[in-house]
Amino acid sequence: MNRPADARPRPAQHTETSQNRTLTMQLMPEALARVHMQERLQEAERERLLRALQLRRRAERASLRARRALAAVVL
């Protein structure tokens with residue numbers, strides 16, 4: 001008795017799926033490291049922007065103090 005065409009085992013397809021799964025598992029630490037580094041870079045960029053904002057505000061306050069001191073001397 002012959003089996004229907006779709007009932008035949010397909011070892012090549014199973015092997016390919018297994019190899020893809022193995023490759024995915026091997027590449028997973030690399031993908032996790034890439035995501036981790038991306039998060040760290042974003043965090044560093046946020047900190048850099050925050051620090052720049054703080055320095056700009058500090059410079060503006062110093063400039064205002066200098067103006068006031070100059071105005072006090074002139075008057």
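Residues numbered from 1 in each chain as written. Predicted model: local features only at pLDDT ≥ 70, side-chain atom pairs only at ≥ 80, totals over all residues. Heavy atoms only, no water.

Is there a simple way to think about the pattern of salt bridges in this case?
When the charged atoms of two side chains with opposite charge come close together, those side chains can pair. Tallied over the full model, the rule gives 2 salt bridges. Residue Arg-34 pairs with Glu-30 through a salt bridge whose shortest N-O separation is 2.9 Å. Of this pair, Arg-34 and Glu-30 are both found in helix H1 (residues 11-74), 4 residues apart, which corresponds to roughly one turn of the helix. With relative accessibility at 45%, the residue Glu-30 sits in the partly exposed group. For Arg-48, the salt bridge goes to Glu-45, with nearest N and O atoms at 2.7 Å. Highlighted residues: Arg-48 and Glu-45, both in helix H1, separated by 3 residues, approximately one helical turn. (Salt bridge = Lys/Arg side-chain N within 4 Å of Asp/Glu carboxyl O. Helix = DSSP H or I, 4+ residues; strand = E, 2+ residues; numbered from the N terminus. Buried < 20%, exposed > 50% of the residue type's maximum accessible area, 1.4 Å probe, protein only.)

Honestly, a nonpolar patch on the surface in this entry has me stumped. Any pointers?
Where nonpolar side chains cluster on the molecular surface, the patch consists of Met-25, Met-28 and Leu-32 and spans about 310 Å² of accessible area. Mapped onto the secondary structure, Met-25 falls in helix H1. (Patch = residues over 30% accessible without salt bridge, like charges linked within 9 Å, V, L, I, M, F, W, Y side chains within 5 Å. Areas by Shrake-Rupley, 256 points an atom, 1.4 Å probe, with all protein chains shown as cover.)

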